[in-house]
Protein chains: 6
Amino acid sequence: MMVVVQNIARVDSHLVDALAQSGVATVHEAQGRTGLLAPYMRPIYAGARIAGNAVTVSIPPGDNWMIHVAVEQCREGDILVVSPTSACDTGYFGELLACSLAARGVRGLIIEAGVRDVRDLTAMQFPVWSRCISAQGTVKETLGSVNVPIVCAGAAVHPGDVIVADDDGVCIVPHASASHVVAQCTAREQKEAVVRARLKAGELGLDIYGMREKLAARGLKYV
Amino acid sequence: MMVVVQNIARVDSHLVDALAQSGVATVHEAQGRTGLLAPYMRPIYAGARIAGNAVTVSIPPGDNWMIHVAVEQCREGDILVVSPTSACDTGYFGELLACSLAARGVRGLIIEAGVRDVRDLTAMQFPVWSRCISAQGTVKETLGSVNVPIVCAGAAVHPGDVIVADDDGVCIVPHASASHVVAQCTAREQKEAVVRARLKAGELGLDIYGMREKLAARGLKYV
Amino acid sequence: MMVVVQNIARVDSHLVDALAQSGVATVHEAQGRTGLLAPYMRPIYAGARIAGNAVTVSIPPGDNWMIHVAVEQCREGDILVVSPTSACDTGYFGELLACSLAARGVRGLIIEAGVRDVRDLTAMQFPVWSRCISAQGTVKETLGSVNVPIVCAGAAVHPGDVIVADDDGVCIVPHASASHVVAQCTAREQKEAVVRARLKAGELGLDIYGMREKLAARGLKYV
Amino acid sequence: MMVVVQNIARVDSHLVDALAQSGVATVHEAQGRTGLLAPYMRPIYAGARIAGNAVTVSIPPGDNWMIHVAVEQCREGDILVVSPTSACDTGYFGELLACSLAARGVRGLIIEAGVRDVRDLTAMQFPVWSRCISAQGTVKETLGSVNVPIVCAGAAVHPGDVIVADDDGVCIVPHASASHVVAQCTAREQKEAVVRARLKAGELGLDIYGMREKLAARGLKYV
Amino acid sequence: MMVVVQNIARVDSHLVDALAQSGVATVHEAQGRTGLLAPYMRPIYAGARIAGNAVTVSIPPGDNWMIHVAVEQCREGDILVVSPTSACDTGYFGELLACSLAARGVRGLIIEAGVRDVRDLTAMQFPVWSRCISAQGTVKETLGSVNVPIVCAGAAVHPGDVIVADDDGVCIVPHASASHVVAQCTAREQKEAVVRARLKAGELGLDIYGMREKLAARGLKYV
Amino acid sequence: MMVVVQNIARVDSHLVDALAQSGVATVHEAQGRTGLLAPYMRPIYAGARIAGNAVTVSIPPGDNWMIHVAVEQCREGDILVVSPTSACDTGYFGELLACSLAARGVRGLIIEAGVRDVRDLTAMQFPVWSRCISAQGTVKETLGSVNVPIVCAGAAVHPGDVIVADDDGVCIVPHASASHVVAQCTAREQKEAVVRARLKAGELGLDIYGMREKLAARGLKYV
């Protein structure tokens, strides 16, 4: 049965914004190297870094009807996450839908399929991470579901999870972990700041991380 | 038998330029969602939007001899469309050939293979849509044909068809349809301008397009 | 047995810099169309053109320990070349390692795997050519080797070879050929300058290269 | 934190066996076209058709240690489902592990990575569905988890779900739906038997399914 | 506008059968190395070699309605050729449709998409060449066209062309060339029979084809 | 300069045959997990397991002239290894060349490109490992080299190295290591025979390999 779930729990915006600040690589490490979407998900333009609450869409191949349905479920600070039930490169999304989402305060789109009007989307700075760019149009005939658990580009996404996306890709932070991950990010960033200063001063990671003994124990030979 | 067809019918430049103005996504929709090349055809730099008459080249793998032959067949306002007879990523085209085409007023290149010197091509703003970027050189030993029907990246192209290319990809408008498609584009753009304004004002596509009843009839449940 | 070779012969910097000046496409042609890496190796940002001496790393899938070991072997003017023993898209390298390499005067990284922190790498202008962009972290458990012969993206690389990399991809110049290739590049560039001027003036390659007779002999028909 | 969950709820064997009888295409349709793994998951030999309870493994790239841990959690009638945390084609599994699984009554392996010893696995008729065949060995250094929810080849898998696999691919039946899906399969098979007889007798699907009116209403023209 | 063209010109069955006899590699060579579909089109089982007249179907992504329409247009000796308007791996075709086609004497299916029930199709020896195997179901909502020119896997196909398919792939013989190509195949086979006997007797192609002089003239050195 | 090296050192046939006996997975492990070709190299039919001395061919894209040259350099017990200078799927090799190689006692072909006549090659049991199957013909215009070091499918191959190939793929044993690797294979097989018997008897790898302590030390939790 196809459903639209209307009420989803969202994460507090100060946590979401803190995750955006940290970015994908840090968030992914901070939560134990989990939650990353496959690397074929690429931004349509460089430089965007966003986070938001996931509104999820499970959608048939070549049919974007449910994106129109999903728009209504979106609020300020959300990110739309769309995954077709069968691999399909069709261009599900373009500038008109972006105008509609932007009018509701949606921060961006993650779609395991194609997107079009990328010139216009770039001009209006509406960021999209997609599997490809394609102008191929879709139909509006078959139902899907909104705000159900989906798999997008190899990662499980639940409605209300936090999505973090930047030039490194896209990462999912489960709703319940957001607060903990923010704390881990902060700790990690502080530690990295110290290491960064030492590396820039010419010290070696081999020494900073104390790797030489373990390398020798494993049998590494210098010749 | 390998041939060079010297006289091809071209489309009037005001129609060609109107199609460039509309861009790939609009043109593709306006002609009934046909004519699109596969999405692996990508521009070497962002921002170009061109249209022109196709001069076609059927070419062997790893051999760019026929591109030199085709240059002579090109005129002001043309676009060269090159397709190897067998999948091959070799770099068939670089800056010197671009100088030659630019000197004849050619607007760009569509090639289902590799291209090189992309830094120079970007600097001289000669746009190319290709399957990949590769410096691998080619030989000049085997004939092909110029201005015969070809298949390029999954689309049938006839000499004198209009090629439209931008950041969304590449679309073919058959010679005979150019005038009709321009009219359809204009109609579509006018309709979209109205929808765009309403979406920006916060109205939903669900309401603008009157989708709610059909969704309910199909059985969509809101929970 | 896993080893770190500490002394490698490097090519004189004036030869290395001359190769950078010529760029990948010219160098590749000048040495007889050899040495090119596969075209899936792409720069993380456009516009960089570098050359340097290869410090090579053979590394297990999903484990970047040996990159830390390799940093110590790098000198001013080197380029790090990393290849996993089995295809793997993991993000082996990020901004901290780049800080460390930059502090030693390393000019860039070639890695047949993933890279992350591309926004930071772009900001600090540390160029990387990689198979993909991925934030997926690695472990530090298993040895590999530094400065042994490797295959990277389909090309054989020996420590101390010259690496040339730009928007067209990556090319390897064997250590022993560097001087000869520089000379060939100069000769090629001089010849191309003459051809370029004639092409820009509207002459055809068909005439400049004297191709018409051979084409006719092969049976090309103009209709 | 890496964990091994030791007690999972399994589906009754008569339901599991009924699903094996129906096969992937029927099961997938019967549960509303959900649960299918990506089509790059292929059997190492043709003709096997199995079903079993999923024992899941989340595993690092290039490291098969946790498969050894998972063997102990397997029982008669299970199927092992393995997914690396980052895409990796390494050969995680071979004949020795198959001997061990077979000794415990495990019916097969689903792995989104590589497998080796396929000649031996074929000879002993231990079926595997994998992303590729690769002899590349793995290490045993890094933990993962057993019997946690995973994503395998684009589908969410929970421990104790039923896996159905045959020449058409692999499908997941959620633990709670097994009984309902078996009923749906039976109904579908009965309906299809009737249609099959009519089609073999030369009747057309157009008539059996009553499609002609809807086609005409949509505007299909016969010329 | 979507249409079904009901009357197409077919090639005489003795020519079609002669082309089947020759097979794909010979036919492709005999017509000047043209007409080959991309090599990702693979048979679902080894050993089939067929030829037949093309009934073509242009079809939307994820929607197999028009295959049902096309069945009615098929006759004894035809081959159905199906191409989606946008790349899509969905399983458009299975055993029930095969029963229907087989009842009409159709010899096989060429589809640039997915197919399912391959175990049953193999058992009934109904050969299919497809881009992938996938159980993912389709809908029946959107029109396409039957017996219009299409592009399938990179080759242009017109209704009534002859399709030849075997373990080497799929080749298209244009309707008008069938008789000529049969003659060329016969000539080629006779010539090859002589060469085969000499090669089996230990003579070298270098001598049979008289290549040594040309090799020396091109500068090949034996060391 | 293009050359044919006529005298290469070959490995003694009893060592070569011993490596064939062990097969790819064992040989690859026995020599420290090196030498494996990329997993996209697949056999055209299942069940062949061969080893032989490499006669190498570096060849241009779409041009098989040098294979004819290479045939003359082959002897009883050799395996031909062919790699194009730029990625190309063309069908370089078919049944006539196989007749010629078989007449000289060549055991098989490894080619990082396409092969055709696979039905005939299967019938005559001439095994081929290739990147794809394609009937697309090649020209004979451009030189390459025979018996020079090449990179094939990501592995460095020197003339006279031993090639081992079976259903798991292809592995290179360097000429100098053959004797050592045979010894390692024997040792490995003896050790595996003991483990196999224990696994079949129901013992766990966890116990046989003594893994439980290390797992606990790394922090694995059983819940």
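Just so it is clear, the model here is predicted, and its values are computed rather than measured.

Student: Explain the overall build of chain A to me, using residue names and the numbers behind them.
Tutor: Helices and strands together make up the secondary structure of chain A, namely eight helices and 13 strands. Once the C-alpha set of chain A is aligned to its principal axes, its extents read approximately 65 × 40 × 35 Å. Evaluated residue by residue, chain A yields a buried proportion of 64% over its 223 residues. At a minimum sequence separation of 6, the contacts of chain A that also span at least 24 residues come to 76%. Accessible area of chain A: about 7700 Å², with a carbon and sulfur share of 51%. Positive and negative side-chain charges of chain A, numbering 20 and 22 respectively, have mean locations separated by a distance of 8 Å.

Student: Kindly report on the relation of the copies chain A and chain B, identifying the contributing residues and their values.
Tutor: Structural alignment of chain A on chain B gives an RMSD of 0.0 Å, achieved by rotating through 120° and translating 0.0 Å along the axis. The symmetry that links the two subunits is that of a three-fold axis.

Student: Explain the pattern of salt bridges to me, using residue names and the numbers behind them.
Tutor: Enumeration over the complete set of coordinates arrives at 96 salt bridges over all chains. Here Arg-131 of chain A and Asp-89 of chain A are joined by a salt bridge, their closest N and O atoms 2.4 Å apart. Remark: Asp-89 of chain A occurs in the loop between strand S4 (78-84) and strand S5 (91-93) and Arg-131 of chain A occurs in strand S7 (residues 128-133); sequence separation between them is 42 residues. Residue classification places Asp-89 of chain A among the buried positions, given a relative accessible area of 18%. Measuring nitrogen to oxygen at the nearest pair gives 2.5 Å for the salt bridge that ties Glu-95 of chain D to Arg-196 of chain F. Here Glu-95 of chain D, found in helix H4 (residues 95-103), pairs with Arg-196 of chain F, found in helix H6 (residues 178-200), and the two come from separate chains.

Student: Account for the interface of chain A and chain B, naming residues and giving values.
Tutor: Counting residues at the interface gives 37 residues for chain A, matched by 35 residues for chain B. Across the chain A/chain B interface, buried area totals approximately 3100 Å², and carbon plus sulfur atoms make up 59% of it. Of all residues in chain A, the largest losses of buried area upon contact with chain B belong to Trp-65, Leu-96 and Arg-119 of chain A, amounting jointly to 21% of the total for that side. Our enumeration of links across chain A and chain B arrives at five salt bridges.

Student: Residues and numbers for the confidence of the model for chain A, please.
Tutor: The share of residues in chain A with pLDDT of 70 or more is 100%, and the mean pLDDT across the chain is 97. Here the complex is predicted with pTM 0.97, and the ipTM for its interfaces comes to 0.96.

Student: Describe the interface of chain C and chain B, and please don't skip the residues or the numbers.
Tutor: At the junction of the two partners, chain C supplies 35 residues and chain B supplies 37 residues. Around 3100 Å² of area is buried between chain C and chain B when both sides are counted, 59% of it from carbon and sulfur atoms. Among the residues of chain C in contact with chain B, Asp-168, Tyr-222 and Val-223 of chain C are the three that bury the most area, contributing 17% of the side total. Close ionic contact of Glu-141 of chain B with Arg-218 of chain C constitutes a salt bridge, the shortest N to O distance being 3.2 Å. Inspection of the region where chain C meets chain B yields 14 residue pairs in polar contact (both at pLDDT 80 or more). Breaking the side of chain C that touches chain B down by element, the ones donating at least two residues are helix H2 (24-30), helix H6 (178-200), helix H7 (205-208), helix H8 (212-218) and strand S12 (221-222) of chain C. A per-element tally of the side of chain C that touches chain B places H6 of chain C first, with six residues. Looking at the side of chain C that touches chain B residue by residue, the classes come out as 15 nonpolar, five polar and 15 charged. Relative to S12 of chain C, strand S1 (residues 3-4) of chain B runs parallel, the two being bridged by two bridges. When the bridges of S12 of chain C are listed, Val-4 of chain B appears paired with Tyr-222 of chain C.

Student: If you had to explain the pairing of strand S6 (residues 128-133) of chain E to someone new, which residues and values would you point to?
Tutor: Residue and element names in this part refer to chain E. Burial analysis of S6 places five of its six residues in the buried class, the great majority of the element. Of the pairings in the sheet, the one linking strand S2 (residues 42-43) to S6 comprises two bridges and is antiparallel in character. Residue pairing across strands places Arg-42 opposite Ser-130, the latter belonging to S6. Across five bridges, strand S5 (residues 108-115) lies against S6 in parallel orientation. Paired with Leu-109 across the two strands is Val-128, which belongs to S6. Chirality of the crossover, the property in question, places the unit of S5, helix H5 (residues 118-123) and S6 among those that are right-handed.

Student: Account for the packing of aromatic side chains, with residues named and values stated.
Tutor: All chains considered together, the criterion is met by six aromatic pairs over all chains. Between Phe-93 of chain A and Phe-126 of chain A, the ring centres sit 6.0 Å apart and the planes meet at 20°, which makes this aromatic pair stacked. Here Phe-126 of chain A lies in the loop between helix H5 (118-123) and S7 and Phe-93 of chain A lies in strand S5, a separation of 33 residues in the sequence. Across the pair, exposure class does not vary: Phe-93 of chain A and Phe-126 of chain A are buried alike. Of note, Lys-214 of chain B hangs over the ring of Trp-65 of chain A, and the distance from its end group to the ring centre comes to 4.7 Å.

Student: Describe helix H4 (residues 95-103) of chain F, naming the residues involved and giving the relevant values.
Tutor: By the criterion of burial, H4 of chain F is predominantly enclosed, with seven of the nine residues buried. The set of residues buried in H4 of chain F consists of Glu-95, Leu-96, Leu-97, Ala-98, Cys-99, Ser-100 and Leu-101 of chain F. Summarising the contacts, the buried residues of H4 of chain F are in contact with helix H6 (178-200) of chain E together with helix H3 (65-71), strand S4 (78-84) and helix H5 (118-123) of chain F. Gly-105 of chain F, located one to two residues past H4 of chain F, shows a positive phi value of around 85°.

Conventions and cut-offs
All residue numbers refer to positions counted from 1 along the written sequence of the respective chain. Each chain takes a letter, starting from A, and each ligand takes a number, starting from 1, following the order in which they are written. Selection of residues for local features in this predicted model requires a pLDDT of at least 70, selection of side-chain atom pairs for listing and counting requires 80 or more, and totals for whole chains, interfaces and linings are taken over all residues. Side-chain metrics in this entry use all non-hydrogen atoms of the structure; hydrogen atoms and water are not considered. Numbered from the N terminus, helices here are DSSP runs of H or I no shorter than four residues, and strands are runs of E no shorter than two. Three exposure classes are used, based on accessible area relative to the maximum for each residue type with a 1.4 Å probe and protein chains only: buried under 20%, partly exposed in between, and exposed over 50%. Any pair of residues with heavy atoms lying within 4.5 Å of one another is described as a contacting pair. Each accessible area is a Shrake-Rupley result for a 1.4 Å probe, and residues are judged covered by the shown protein chains and nothing else. When charges are counted, neither His nor the chain ends are considered; positive counts come from Lys and Arg and negative counts from Asp and Glu. Lys charges are placed at NZ, Arg charges at CZ, Asp charges at CG and Glu charges at CD. Least squares is the method used to superpose the copies, on C-alpha atoms of residues holding a pLDDT of at least 70 in both. Only one rule defines a salt bridge in this text: a Lys or Arg side-chain nitrogen within 4 Å of an Asp or Glu carboxyl oxygen. When two parts are put together, the accessible area they lose, computed with a 1.4 Å probe and summed over both, is reported as buried area. pLDDT expresses, on a scale from 0 to 100, how confident the predictor is about each individual residue. Here a polar contact is taken to be a pair of N or O atoms separated by no more than 3.5 Å, where protein atoms must pair a possible hydrogen donor with a possible acceptor and residues adjacent in sequence count only if both atoms sit in side chains. Each residue is assigned to one class: nonpolar for Ala, Val, Leu, Ile, Met, Phe, Trp, Tyr, Cys and Pro, charged for Asp, Glu, Lys and Arg, and polar for all the others, Gly among them. Whether two strands pair depends on DSSP finding at least two bridges between them. Seen with the strands pointing away from the viewer, any crossover whose path from the first strand over the helix to the second strand runs clockwise is right-handed. Working definition: rings of Phe, Tyr and Trp (its six-membered ring) pair if their centres are within 6.5 Å, and the pair is stacked with planes under 30 degrees apart, edge-to-face with planes over 60 apart, and tilted otherwise. Lysine and arginine charges are scored as sitting over a ring when NZ or CZ, respectively, is within 6 Å of the ring centre and within 35 degrees of the ring normal.

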